[in-house]
Amino acid sequence: MTADNSSEQTPGANTGKATEPKQGRNETVALIKDVVVIFSAYLVFSIFGWASFHIPSGSMEPTLEVGDRIFVSKLAYGYNRYSVYFDPSFIPESRLFEDAPQRGDVAVFTVPKKNNEDFIKRVIGLPGDRVEMRGGRLYINDTIVERRLVREVSYTSYNGADRIVKEYDETLPGGVVHRIYESTDGGFYDNVGPFVVPPGHYFMMGDNRDGSSDSRNLNDIGYVPSAYFVGRADITTFSLYDCDQGKDIFCPIGIPLGRFFNALN
């Protein structure tokens, strides 16, 4: 009986030891599958739905502040190679479900000559438009763009400089009203043009007019081809804005809740 009992226990013991590595492998495979599914879902969402971007500079103040996180709609303008991360060259520049940017849109676009870096500006000029800056005032097709003084703002910029600017409501042709900053009407880009926007291109400007290099500098960004648009910025999701800058932004206990979930278009 002793020998029989021993022979029955031995296979059981061996079987128990043999299943432990198999269970470990199964758990690893399941984890890898979960990671692949999550990454694939994120990739599909960010390519065909909305992608998240952060704002690293003040060129779009006061519409966008440094530290804002935004959702950008890829669906708004359709899909091409610049809708995909890492700019895969095998995908053509021609768009699927193409729709044209509208004047006043806040849009993200890529600049291949600047190592495919992404920029965010506002659509000011459409194909065929004549755009000009005269004495700090914007003209589109030889008609001055109306602006209304809202207030004067004193603040400390994200890089520590003290600034005093005038904040205006600007009304673009078509009725889009948005805020701009002007520190002077005699700045570097305040007397430039006229620029005639080529077919299939757009003229982009930052809302911080004296703190933005944009289409007014043809040697830098210049006219933006429609193929280079990544998407339309729709909303701020949350923000890491520095409340110590001194702007009139709702910041209870140092949290910039006034920058959360703001519609941009």
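Up top is the structure these notes are about.
No experiment lies behind these values; they were computed from the predicted model shown.

Here is what the cut-offs are and how they apply
Residues numbered from 1 in each chain as written. Predicted model: local features only at pLDDT ≥ 70, side-chain atom pairs only at ≥ 80, totals over all residues. Heavy atoms only, no water. Helix = DSSP H or I, 4+ residues; strand = E, 2+ residues; numbered from the N terminus. Buried < 20%, exposed > 50% of the residue type's maximum accessible area, 1.4 Å probe, protein only. Contact = heavy atoms within 4.5 Å. Areas by Shrake-Rupley, 256 points an atom, 1.4 Å probe, with all protein chains shown as cover. Salt bridge = Lys/Arg side-chain N within 4 Å of Asp/Glu carboxyl O. Pairing = 2+ DSSP bridges. Polar contact = N/O pair within 3.5 Å; in protein donor to acceptor, adjacent residues only side chain to side chain. Patch = residues over 30% accessible without salt bridge, like charges linked within 9 Å, V, L, I, M, F, W, Y side chains within 5 Å.

**Quick notes on the overall build of the protein chain**
Secondary structure assignment for the protein chain yields one helix and 14 strands. For the protein chain, with 265 residues in total, the buried portion stands at 43%. Pairs at least 24 residues apart make up 59% of the contacts formed inside the protein chain by residues separated by at least 6 positions. Counting only carbon and sulfur atoms, one obtains 57% of the accessible surface of the protein chain, whose full area is about 14200 Å².

**Some points on the environment of Y139**
By secondary structure assignment, the location of Y139 is in strand β6 (residues 137–140). Taking C-alpha positions, Y139 is 9.8 Å from L172, a pair spaced 33 residues apart along the chain.

**Side note on the pattern of salt bridges**
Applying the stated rule across the entire model yields 19 salt bridges. Its salt-bridge partner being R179, residue E167 comes within 2.5 Å of it at the nearest N-O pair. Residue E167 is located in strand β9 (residues 162–171), and its partner R179 is located in strand β10 (residues 177–182); the two are separated by twelve residues in the primary sequence. By relative accessible area, R179 is classed as partly exposed at 32%. Overlapping salt bridges bring together R148, R151, E167, D169, R179 and D248 as one network.

**Concerning the pairing of strand β5 (residues 130–134)**
Bridge count for β5 against strand β11 (residues 192–196) is three bridges, and the pairing is antiparallel. Bridging from a neighbouring strand, M133 pairs with V192 of β11. Taken together, the four bridges between β5 and β6 define a ladder with antiparallel strand orientation. Within β6, the position partnered with E132 by the bridge is Y139. The antiparallel pairing of β5 with β6 creates a hairpin that spans two residues between the two strands, and G135 there sits at a positive phi of about 55 degrees.

**Side note on unusual backbone geometry**
Here the amide bond leading from E61 into P62 is cis, since omega sits at 0 degrees, within 30 degrees of zero. A cis amide bond, omega 5 degrees, links G193 with the succeeding residue P194. On the secondary structure map, P194 appears in strand β11. The phi dihedral of N116 is positive, around 60 degrees, even though this residue is not glycine. With respect to the helices and strands, the residue N116 is situated in the loop between β3 (106–111) and β4 (117–125). Positive phi values are uncommon outside glycine, yet I253 reaches one of about 45 degrees. Looking at the element boundaries, I253 is found in the segment after β14 (229–239).

**As for the environment of R69**
For R69, the position within the fold is in strand β2 (residues 68–73). On a C-alpha basis, the gap between R69 and L240 in space is 7.9 Å, while along the polypeptide they are 171 residues apart. If we skip the residues at most four places from it in the chain, R69 touches F53, H54, I235, T236, T237, F238, S239 and L240. Polar contacts involving the side chain of R69 include one to the main-chain carbonyl oxygen of G67, which spans 3.1 Å.

**Focus on the sheet that holds strand β7 (residues 143–144)**
Taken in spatial order, the four strands of this open sheet run β7-β6-β5-β11, and their pairing is antiparallel. Each having just a single partner strand, β7 and β11 make up the two edges of the open sheet.

**Overview of a nonpolar patch on the surface**
Taken together, the side chains of F250, I253, I255 and L257 make up a nonpolar region of the molecular surface, amounting to roughly 440 Å² of accessible area. Mapped onto the elements, I255 comes out in the segment after β14. Under the relative-accessibility criterion, I255 is labelled partly exposed at 37%.

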